[in-house]
Amino acid sequence: MFKIVKREEMSEGTVVLNEIEAPLIARKARPGQFVIIKATENGERIPLTMAETDPEKGTITIIYMVVGKSTALFKTLQVGDGYQDVIGPLGKPTHLEKVGTVVCVGGGTGVAVLHPITRALKEVGNRVICIIGARSKDLLILEDKMKAASHELHVCTDDGSYGHHGFVTEVLKEVLEKEDVKLAVAIGPVPMMKFVSLITKEKNVKTIVSLNPIMVDGTGMCGGCRVSIGGKNKFACVDGPEFDGHQVDYDELMQRLQAYCEDEKACHDGFCKIRS
Amino acid sequence: MSTQPEKPAKKKSIPRAVMPEQAPEVRRRNFEEVPLGYTKEMAMQEASRCLQCKKPACVDGCPVSVDIPGFIKLIKEGDFTGSIRNLWTKNALPAVCGRVCPQEIQCEGVCILAKKGDPVAIGNLERFAADYERAHGTGALPPKSEPTGKKVAVVGSGPSSLTVAGDLIVKGHAVTVLEAFHKPGGVLIYGIPEFRLPKEIVAQEINFLERQGAEVQCNAVVGRTVSIDELFEEGYDAVYLGVGAGLPRFLNVPGENLIGILSANEYLTRANLMKAYLFPKVDTPIPRGKNVVVLGAGNVAMDAARTAMRLGADSVKIVYRRSREEMPARTAEIHHAEEEGIEMFLLTAPTKFTGNDKGRLTGMECLQMELGEPDDSGRRRPVPKEGSEFQMDCDLAIIAVGSGANPLLTQSTPDLKLNRWGYIMADPETGKTSKRGVWAGGDIVTGAATVILAMGAGRKAADSMHDYLTWGW
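What counts and how
- Residues numbered from 1 in each chain as written.
- Chains lettered and ligands numbered in written order.
- Predicted model: local features only at pLDDT ≥ 70, side-chain atom pairs only at ≥ 80, totals over all residues.
- Heavy atoms only, no water.
- Pairing = 2+ DSSP bridges.
- Helix = DSSP H or I, 4+ residues; strand = E, 2+ residues; numbered from the N terminus.
- Contact = heavy atoms within 4.5 Å.
- Axes fitted to C-alpha atoms, helices over the stretch in contact; angles between N-to-C directions.
- Polar contact = N/O pair within 3.5 Å; in protein donor to acceptor, adjacent residues only side chain to side chain.
- Disulfide = S-S within 2.5 Å.
- pLDDT = per-residue confidence, 0-100.
- Parallel < 35°, antiparallel > 145°, perpendicular 65-115°, else oblique.
- Left-handed = near helix turned anticlockwise from the far one by under 90°.
- Nonpolar A, V, L, I, M, F, W, Y, C, P; charged D, E, K, R; others polar.
- Salt bridge = Lys/Arg side-chain N within 4 Å of Asp/Glu carboxyl O.
- Buried < 20%, exposed > 50% of the residue type's maximum accessible area, 1.4 Å probe, protein only.
- Buried area = accessible area lost by both parts, 1.4 Å probe.
- Phe/Tyr/Trp six-rings, centres within 6.5 Å; stacked < 30°, edge-to-face > 60°.
- Lys NZ or Arg CZ within 6 Å of the ring centre and 35° of its normal.

Quick look at the sheet that holds strand S11 (residues 152–157) of chain A now. Think of a sheet as strands paired side by side through backbone hydrogen bonds, with each pair either parallel or antiparallel. Residues and elements named next belong to chain A. Reading across from one edge, S12-S11-S10-S9-S13-S14-S17 is the order of the seven strands in this open sheet, with mixed pairing throughout. Only two strands of the sheet have a single neighbouring strand rather than two, namely strand S12 (164–165) and strand S17 (242–244). The sheet contact formed by strand S9 (residues 101–107) and strand S10 (residues 127–134) spans seven bridges and is parallel. For Val102, the partnering residue across the bridge sits in S10 and is Val128. Of the strands in this sheet, S9, S10, strand S13 (181–187) and S17 are in contact with helix H3 (residues 110–123), which crosses S9 at around 165°. Sitting on the sheet, helix H5 (residues 168–178) touches S9, S10, S11, S12 and S13, and the angle it makes with S10 is about 160°.

Written out as C-alpha cells, the structure is:
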C-alpha cells in the first residue's frame with residue numbers, strides 16, 4: 001500500500017491534494033512526469049502528473065480534480081489510508097534549458113502540474129512570467145507557490161472575483177506584446193491549451209503543452225492515449241506527455257476524452273447513490 | 001510390402017478422448033472456460049493410447065523438452081502426483097501450456113499416431129495433471145538446491161520470465177521478478193482471455209513460484225522506476241529481460257483515431273487485466289459494440305472477437321486481407337470462434353474509417369483483395385481488386401495486426417544492442433545480449449510469437465545464466 005501522509009482540500013473541495021509515500025518514484029521523478037494510481041483491487045488506473053516530489057522524505061504529491069467515480073473514491077481516502085498501486089515515474093521529463101524569458105500559463109488543476117516545471121525553468125536561469133486562471137477566486141489553487149516559483153505572476157478569474165476579469169489568453173496577448181518571450185508552457189483544460197497555442201503560433205513562440213488523454217497502462221502498450229501530433233500518431237505515455245503545442249490536434253483530443261462519458265456518468269451516479 | 005505385423009491393434013482402436021466443452025450457444029455469452037477438462041477415467045484412457053515410443057518425436061517437438069511419454073505413463077498408471085512432478089522438472093507452467101500451446105504443430109503434430117489417425121491428446125493430459133494437482137495435490141514443492149548466494153532480477157512476468165524464475169529458483173539462486181503492471185503474469189494476465197485461460201490458474205502458477213521462494217514485485221517499470229545498471233548496483237548478479245513486444249501496431253488509414261477504435265492490446269487489457277467485462281462492478285469501462293469488426297486473423301484477433309461476442313455484440317466479423325490459408329491463428333481457435341457465430345470476411349482490407357459528428361465510429365470503407373505473387377514473408381501478397389469498394393457498418397473496431405518492440409526499456413539502456421526493428425539482439429542458443437550479465441528472450445527478441453516459444457527461450461537463457469552464476473561470463 002502507498003500511504004497518504006498529507007491531505008488537503010482546495011477549490012471548495014473540488015480539488016484534493018495527496019502527499020503519498022512512494023520512495024522509489026520520488027527518487028527518480030523529474031518535473032513533467034506522471035504516475036498511474038489505482039486505489040483498490042477493482043479500481044481504475046488513473047494517470048496524474050506529479051505536482052511535487054520529495055526524494056528525501058520519499059513522497060510524491062498529486063493534486064486531482066474530483067470528476068468521476070475514481071476520483072470521488074480517491075477523495076474518500078484520508079491520511080493513513082493509501083492507494084493499492086502507484087506506478088511511475090512515467091513519461092518523458094520536461095526539457096529544461098535557459099532560453100531567456102518564458103511564459104507559463106496554467107488553468108484549473110493544470111496549475112498543479114505547471115508548478116514544478118515553472119520552478120525548474122526559473123532554477124535553470126530563465127526569467128519566468130506566470131499567468132494562472134480559474135473560474136472564480138475560490139477555485140484558484142497554488143497562488144502563493146506560483147508566485148514564489150516565478151518572477152512575475154498574473155491571476156485571472158472568469159467571473160472577475162479576483163485579479164484580471166477574463167481569460168488567461170487575454171493576459172497572454174499583452175505579455176507577448178511587451179516581452180521578448182522565447183518559450184511558452186501551457187497546462188490546463190484542452191480548450192485553454194488550444195487557444196494559447198493559437199496565440200503563440202501567431203507570434204511564432206515555441207509552445208509546450210502537457211496532455212492527459214485516456215490511458216490504461218502508461219508504458220506504451222495499449223495505444224489508448226494516442227494523439228495526433230503534426231498529423232502523426234504519438235503515444236502520450238511514452239512519447240509525451242509534453243508535446244509541441246502548435247502540432248497538437250486539440251479537437252480530436254477533446255472528442256477522444258469523451259469516449260467513456262456515458263459509462264463514467266453511470267458509474268459515478270451509482271457510487272454517489274451508495275454513499276448518500 | 002512389409003509383412004511385419006502392425007502394432008497391437010487394441011491401442012489404436014481406442015479413439016482419442018474428446019474434451020468436453022461448453023456448448024457454443026451458451027459459452028458465446030459467458031466468460032467461463034470453454035473446455036471443461038478430462039475426468040480421471042478419460043485421462044487414464046487417453047494416456048493408454050500412448051505407444052511409449054523408444055525415440056519419442058513428441059519430446060523433440062516440445063520447446064522445453066517435457067518428458068511426454070514419462071508423464072503420460074504415470075497418468076495411465078493412476079499416479080497423478082508422480083505425473084505432475086515429472087512435468088515440473090521441465091515446465092514451471094503446465095496448467096498454462098496444457099491450455100494455450102499450439103500442440104498441433106509441436107508435440108501432437110509429430111506424434112506417431114498422427115500418421116494414421118488422431119495423435120495422443122498431450123495438451124489435454126498435461127492440463128489434466130496440472131488441474132488434478134491444483135484440486136487434490138499435497139502442495140509439496142519440487143526439491144531445490146542449496147542457496148548459491150547469487151541474486152537474479154527477472155524483468156517482466158510473462159511466460160519466458162516465469163520459466164527463467166522457475167528454473168533458477170530450483171538451482172538455488174535468489175530470484176526477484178519485476179513487473180510493470182499491478183498484477184504479475186504478463187500476456188497470460190492482460191492478453192489471453194479468461195475463457196481460454198482462467199486468471200485464477202495464472203495466479204496459482206505464480207503462487208507456486210512464490211512458494212518456492214521467488215519474490216514478485218509489481219508496479220516496477222524497469223527503465224523508469226529503476227534502470228538495469230541500478231539493478232546491478234543494488235547487488236543483482238544477473239538480469240533477464242522478458243518484457244514482451246507490446247507496442248501495438250495500427251493500420252495507418254484515415255479515421256483511425258475515432259472513438260470506438262482500439263488496439264487489441266487495449267481492448268484485451270481492459271477486459272482481462274482490468275476485468276472491465278464486469279463494469280460497473282469494477283471501475284474500468286470497456287466499449288460494448290453491437291456491430292464489431294476485428295482487423296487481423298491471429299490468435300489475438302480471435303481472442304478479441306470472442307470477447308466482443310461475450311460482451312453482447314449482435315455481430316462480430318473478422319476482417320482479414322489474405323485468405324483462410326494464411327490466417328495465423330490456430331485452427332482450433334478459428335474453429336471455436338466460428339462455432340460461436342463469428343463471421344470471417346477474408347480478402348478484405350479497410351481503407352478508411354468513418355464516423356459521426358461526435359467523432360464516434362460508424363463504419364469502414366473496404367476493398368476486396370485477391371492474392372498475387374508471394375511477398376517477403378513467402379505468403380501471396382494481397383492486391384486490391386479494382387472497383388471492389390464497399391461499405392461495412394460498425395460501431396467498434398479492434399486492431400489486431402500485431403505488435404512491435406516497446407522502446408521504453410531499450411531506450412533507457414543504450415549499451416543494449418538492438419536489431420533494425422528495435423528488438424534486443426540475443427544469442428539464439430544462450431539468450432546472452434551485448435551487455436554483460438544481461439540475458440533476453442521471448443517476444444522482445446523474436447517479435448510476437450507463442451507462449452511456449454517464449455518459454456523455450458527462457459529455458460535456454462536460464463541454463464546459460466546458471467552457467468554464468470557458477471563459472472562466470
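Residue and element names in this part refer to chain B. On the secondary structure map, Asn86 appears in helix H6 (residues 80–88). Of the polar contacts made by the side chain of Asn86, one reaches the side chain of Asp67; its length is 3.0 Å. For Asn86, the contacting residues outside a window of four places in its chain are Asp67, Gly70, Phe71 and Leu74.

All right, on to the state of the cysteines then. All told, the structure shown has zero disulfides over all chains when counted by the stated rule. A:Cys237 takes part in no disulfide bond, and the closest cysteine sulfur, belonging to A:Cys225, lies 3.7 Å away. Not engaged in a disulfide, the cysteine B:Cys50 finds its nearest cysteine sulfur in B:Cys53; these two sulfurs lie 6.4 Å apart.

What follows deals with the confidence of the model for chain B. Residues at a pLDDT of 70 or more form 97% of chain B, whose mean pLDDT is 93. The ipTM, which scores confidence in the relative placement of chains, is 0.94 for this predicted complex, and the corresponding pTM is 0.93.

This part covers the packing of helix H3 (residues 40–47) of chain B against helix H5 (residues 68–76) of chain B. Residue and element names in this part refer to chain B. Two numbers describe how H3 lies on H5: the axes approach to 8 Å, and their chain directions differ by 130°. Regarding the angle of H3 to H5, the classification is oblique. In terms of crossing hand, the pair formed by H3 and H5 is left-handed. For the pair H3 and H5, contact is made by Ala43, Met44 and Ala47 and by Ile72, Ile75 and Lys76, respectively. Taken together, the residues of the contact of H3 with H5 sort by class into five nonpolar, no polar and one charged.

In this section: the sheet that holds strand S1 (residues 151–155) of chain B. All names here are of chain B. With parallel pairing, five strands are arranged side by side in an open sheet as S3-S2-S1-S4-S16. On the outer flanks of this sheet lie strand S3 (215–217) and strand S16 (438–440), each paired with one strand and no other. If you compare each strand with its neighbour and ignore which way they point, the axes differ by 20° on average. The sheet contact formed by S1 and strand S4 (residues 238–241) spans four bridges and is parallel. Paired with Ala153 across the two strands is Val239, which belongs to S4. In this fold helix H18 (residues 451–471) packs onto S1, S4 and S16, with an angle of close to 170° to the strand it touches most, S4.

Let us now look at the pattern of salt bridges. Applying the stated criterion to the full structure yields 42 salt bridges over all chains. Linking A:Lys28 and B:Glu230 is a salt bridge whose minimum nitrogen-to-oxygen distance equals 2.7 Å. Of the two residues, A:Lys28 is situated in helix H1 (residues 23–28) and B:Glu230 in helix H12 (residues 228–233); the pairing between them involves two chains. B:Glu230 matches A:Lys28 in its accessibility class, with the two residues each being buried. Close ionic contact of B:Arg310 with B:Glu340 constitutes a salt bridge, the shortest N to O distance being 2.7 Å. Residue B:Arg310 is located in helix H14 (residues 299–310), and its partner B:Glu340 is located in the loop between helix H15 (331–339) and strand S9 (343–345); the two are separated by 30 residues in the primary sequence. The two residues B:Arg310 and B:Glu340 agree in class, both being buried. Because the salt bridges share partners, they merge into one network encompassing B:Glu21, B:Arg27, B:Glu104, B:Arg196, B:Asp303, B:Arg306, B:Arg310, B:Arg330, B:Glu333, B:Glu339 and B:Glu340.

The subject of this paragraph is the interface of chain A and chain B. Taken together, the contact pairs 46 residues of chain A with 43 residues of chain B. Per-residue buried area on chain A facing chain B is highest for A:Met221, A:Arg226 and A:Tyr260; these three make up 18% of the total on that side. Viewed at the interface, chain B and chain A are joined by three salt bridges. Residue B:Lys183 pairs with A:Glu41 through a salt bridge whose shortest N-O separation is 3.4 Å. Taken together, chain A and chain B are joined by 22 residue pairs in polar contact (both at pLDDT 80 or more). Sorting the residues of the side of chain A that touches chain B by element identifies H1, helix H2 (69–75), strand S8 (85–90), strand S15 (226–229), strand S16 (232–235), helix H7 (250–256) and helix H8 (261–275) of chain A as the ones contributing at least two each. Per-element accounting of the side of chain A that touches chain B gives the leading share, six residues, to S8(A). Broken down by class, the residue content of the side of chain A that touches chain B amounts to 18 nonpolar, 14 polar and 14 charged.

A few words on the packing of aromatic side chains. In total, this model carries eleven aromatic pairs over all chains according to the counting rule given. For the pair B:Phe31 and B:Phe195, a centre-to-centre distance of 6.2 Å together with 55° between the ring planes defines the contact as tilted. On the criterion of sequence distance, the pair formed by B:Phe31 in the loop between helix H2 (24–27) and H3 and B:Phe195 in the loop between helix H10 (187–190) and helix H11 (199–211) is long-range, its members being 164 residues apart. In this structure, B:Phe31 and B:Phe195 share a single accessibility class: buried. Ring centres of B:Phe128 and B:Tyr132 lie 5.7 Å apart, and the angle between their planes is 40°; on these two criteria the pair is classed as tilted. Here B:Tyr132 and B:Phe128 lie together in helix H8 (residues 122–136), a separation of four residues that amounts to about one turn. Feature note: the residues A:Tyr64, A:Phe74 and A:Tyr83 constitute an aromatic cluster, connected by ring pairs. Seen from the ring of B:Tyr236, B:Lys151 lies directly overhead, with NZ or CZ sitting 4.5 Å from the centre. A cation over a ring is seen here: B:Arg310 above B:Phe195, with NZ or CZ 3.8 Å from the ring centre.

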